[in-house]
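Chain by chain, the residues:
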Amino acid sequence: MKKLKTGYVGIIGKPNAGKSTLINTIMKRKVSITSYKPQTTRKQITALYNDSSSSIIFIDTPGFHIPHNEFDKFMNKEVKSVYKTVDCLLYLFDPTKEFDEEDDELIKSINDFNVKNIILVLSKQDISSTKKNQYSIGVLKQKISFDEVVEVSSMKNENIDKLLTLIKTKLPLGDKAFSKIEDDDNFVITEIIREQIIFNTKKEVPYSVYVEIEQKKFEDNIFHISAVINVEKESQKPILIGKGGQMIKKIGVLSRKELLNIYDCKINLKLFVKTTPNWRNDLKLIR
């Protein structure tokens, strides 16, 4: 029996470093929602990658950031929890951005856990430069120990194969491939709806919502889905609903279009908006 390179690979970085775009490019399909707005990913997202020589479970994590509420703390814990469970860690760094306090805090968290097998991945090479890359590498070398450096552009699919080859050198040999990871319907659906909220609303609204499935039923080749969009403030409800219900209708139409790419059936999607005050500090709800 042929041995395979098998293991777990974590992807970490600050908000908007390009983690979700990278995992989507590696998988050649949408695994994690993406946006130009930071803090799009809220929890760990796993994806199984198989080829002729490897079986890898990638773990996409939320962007590590300075916390302002209990939900922010939860997202940072999601990042830290991968440190001791992965065989290889991809530290995604955007060289087009200035080094700041969030970088220091993220690096401190990595060093505190004494993480090994780190690959520094310089993202967004379609818009970066050699000068910015060299400066970033120089600063990071003084703060953290990493094994390799790879410069990638997920948008242009540049050096992704090189990155995968390097990852495999860090993984142990295994006897068999990992079993298929089953998608959680509720998670997939709520993430797609949230993605459309992120793209179509502004300012604080995208960060103040969470989506929950109220009801779902499959009948006569129709997937009936009823979902509630929770906001923190009453003043945010009319923004999401829009004049004459146009915004909530737009979010529903675009979400349904995305869902049709996943489910081989008709989609009947109903969306509602309600206020759940201060939910980002409600520990019971966050759990």
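Residues numbered from 1 in each chain as written. Predicted model: local features only at pLDDT ≥ 70, side-chain atom pairs only at ≥ 80, totals over all residues. Heavy atoms only, no water.

**Quick notes on the overall build of the protein chain**
A count of helices and strands for the protein chain gives 9 helices and 10 strands. Here the C-alpha radius of gyration of the protein chain, 20 Å, is about what a compact globule of 287 residues would show, namely 19 Å. Considering only C-alpha atoms, the protein chain reaches an extent of 55 × 50 × 35 Å along its principal axes. A buried classification covers 50% of the 287 residues belonging to the protein chain. For the protein chain, the accessible area works out to roughly 14900 Å², and carbon and sulfur atoms hold 50% of it. Averaging the coordinates of the 47 positive side-chain charges in the protein chain and doing the same for the 38 negative ones gives two points 2 Å apart. (Helix = DSSP H or I, 4+ residues; strand = E, 2+ residues; numbered from the N terminus. Rg over C-alpha atoms; globule rule 2.2 N^0.38 Å. Buried < 20%, exposed > 50% of the residue type's maximum accessible area, 1.4 Å probe, protein only. Areas by Shrake-Rupley, 256 points an atom, 1.4 Å probe, with all protein chains shown as cover. Lys, Arg positive; Asp, Glu negative; His and termini not counted. Charge placed at Lys NZ, Arg CZ, Asp CG, Glu CD.)

**Looking at the sheet that holds strand β8 (residues 210-219)**
What holds strands together in a sheet is hydrogen bonding between their backbones, with the strands either parallel or antiparallel. What the 3 strands build is an open sheet, ordered β8-β9-β10; its pairing is mixed. A single partner strand is all that each edge strand has here, and the edge strands are β8 and β10 (266-275). Neighbouring strand axes in the sheet, compared pairwise and without regard to direction, differ in orientation by 15° on average. Pairing geometry for β8 and strand β9 (residues 222-231), over 9 bridges, is antiparallel. Bridging across to β9, V211 finds its partner in I229. Sitting on the sheet, helix α6 (residues 185-200) is in contact with β8, β9 and β10, with an inclination near 125° to β8. Docked against the sheet, helix α8 (residues 246-260) engages β9 and β10, running at close to 140° with respect to β10. (Pairing = 2+ DSSP bridges. Axes fitted to C-alpha atoms, helices over the stretch in contact; angles between N-to-C directions. Contact = heavy atoms within 4.5 Å.)

**Quick look at the pairing of strand β4 (residues 88-93)**
Along β4, 6 of the 6 residues are buried, which leaves the element largely enclosed by surrounding structure. Bridge count between strand β1 (residues 4-13) and β4: 5 bridges; the pairing is parallel. Within β4, the residue paired with I12 across the bridge is Y91. Relative to strand β5 (residues 118-122), β4 is paired through 5 bridges, and the arrangement is parallel. Bridging from a neighbouring strand, L90 pairs with I119 of β5. Crossover handedness for the path β4 to helix α3 (residues 101-112) to β5: right-handed. (Right-handed = clockwise from strand over helix to strand, strands pointing away.)

**Concerning the environment of K132**
Turning to its location among the elements, K132 is positioned in helix α4 (residues 130-141). In sequence terms K132 and T61 are 71 residues apart; their C-alpha atoms lie 25 Å from each other. Among residues more than four places away in sequence, those in contact with K132 are P95 and T96.

**Description of the pattern of salt bridges**
All told, the structure shown has 14 salt bridges when counted by the stated rule. Between D103 and K14 there is a salt bridge, and its shortest N-O distance comes to 3.0 Å. Here D103, found in helix α3, pairs with K14, found in the loop between β1 and α1 (19-27); they are 89 residues apart in sequence, far enough to count as distant. Here D147 and K170 are joined by a salt bridge, their closest N and O atoms 3.2 Å apart. Residue D147 is found in the loop between α4 and β6 (148-151), and its partner K170 is found in the loop between α5 (160-169) and β7 (173-174); the two are separated by 23 residues along the sequence. According to the relative accessible area criterion, D147 is partly exposed, its value standing at 38%. (Salt bridge = Lys/Arg side-chain N within 4 Å of Asp/Glu carboxyl O.)

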